Amino acid sequence: MSINTDWVRAAGIRAVKTCAQTAVAMIPAAAMIQQVDWVTVVGTAALAGVCSLLTSIAGLPEVPDTGAGSR
């Protein structure tokens, strides 16, 4: 698999969006900002971003001819 700049850009955008969505989901709506466990929020969001990048290896619909099987 050859990694091109379009794939890197698309996968990066997806990973950042996934991190942001996960971080927002981890912050309970009723909690005061001082009660949020920020280490857990950041760690979980980072893990979600890594999972997003790994999932992107299978292919991205935004970028034609990507994925493990493409040449």
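As a reminder, the structure under discussion sits directly above these lines.
Cut-offs used in this document
Residues numbered from 1 in each chain as written. Predicted model: local features only at pLDDT ≥ 70, side-chain atom pairs only at ≥ 80, totals over all residues. Heavy atoms only, no water. Helix = DSSP H or I, 4+ residues; strand = E, 2+ residues; numbered from the N terminus. Buried < 20%, exposed > 50% of the residue type's maximum accessible area, 1.4 Å probe, protein only. Contact = heavy atoms within 4.5 Å. Areas by Shrake-Rupley, 256 points an atom, 1.4 Å probe, with all protein chains shown as cover. Core = buried A, V, L, I, M, F, W, Y, C linked by side-chain atoms within 4.5 Å. Expected span 1.5 Å × (residues − 1). Arc of directions from axis to C-beta.

Colleague: Is there a simple way to think about the overall build of the chain in this case?
Modeller: Helix and strand counts for the chain stand at 2 helices and 0 strands. Counting every position in the chain, which comprises 71 residues, the buried fraction comes to 24%. Restricting the contact set of the chain to residue pairs at least 6 apart, pairs at least 24 apart contribute 66%. Surface summary for the chain: the accessible area is close to 5,100 Å², and the carbon and sulfur share equals 65%.

Colleague: What exactly am I supposed to notice about the nonpolar core here?
Modeller: As a rule of thumb, soluble globular proteins bury nonpolar side chains together. Ranked by size, the top nonpolar core spans 5 residues in total: Trp-7, Ala-10, Ala-11, Leu-60 and Val-63. Once residues lying within four places of it in the same chain are set aside, the contact partners of Val-63 are Asn-4, Asp-6, Trp-7 and Ala-10.

Colleague: Before we go on, may I ask you to explain helix α2 (residues 38-56) in this structure?
Modeller: Residue pairs three or four apart in sequence face the same way in an α-helix, which turns once every 3.6 residues. With 19 residues, α2 extends 27 Å from end C-alpha to end C-alpha; this agrees with the ideal 27 Å at 1.5 Å per step. Along α2, the residues classified as buried are Val-41, Ala-45, Ala-48, Gly-49, Ser-52 and Ser-56. All buried residues of α2 lie within an arc of 105° about the axis, which places them on one face of the element. Residues Val-39, Leu-47 and Leu-54 are exposed on α2 and point more than 90 degrees away from its buried face. Buried residues belonging to α2 abut α1 (5-26).

Colleague: What should I look at first to understand the side chain of Ser-52 in this one?
Modeller: For Ser-52, the location among the structural elements is in helix α2. Its relative accessible area of 11% is what places Ser-52 among the buried residues. With residues up to four places along the chain from it excluded, the contact list for Ser-52 reads Arg-14, Ala-15 and Thr-18.

Colleague: I keep staring at the environment of Val-63 and nothing clicks. Help me out?
Modeller: Residue position: Val-63 is located in the segment after α2. Its relative accessible area of 7% is what places Val-63 among the buried residues.

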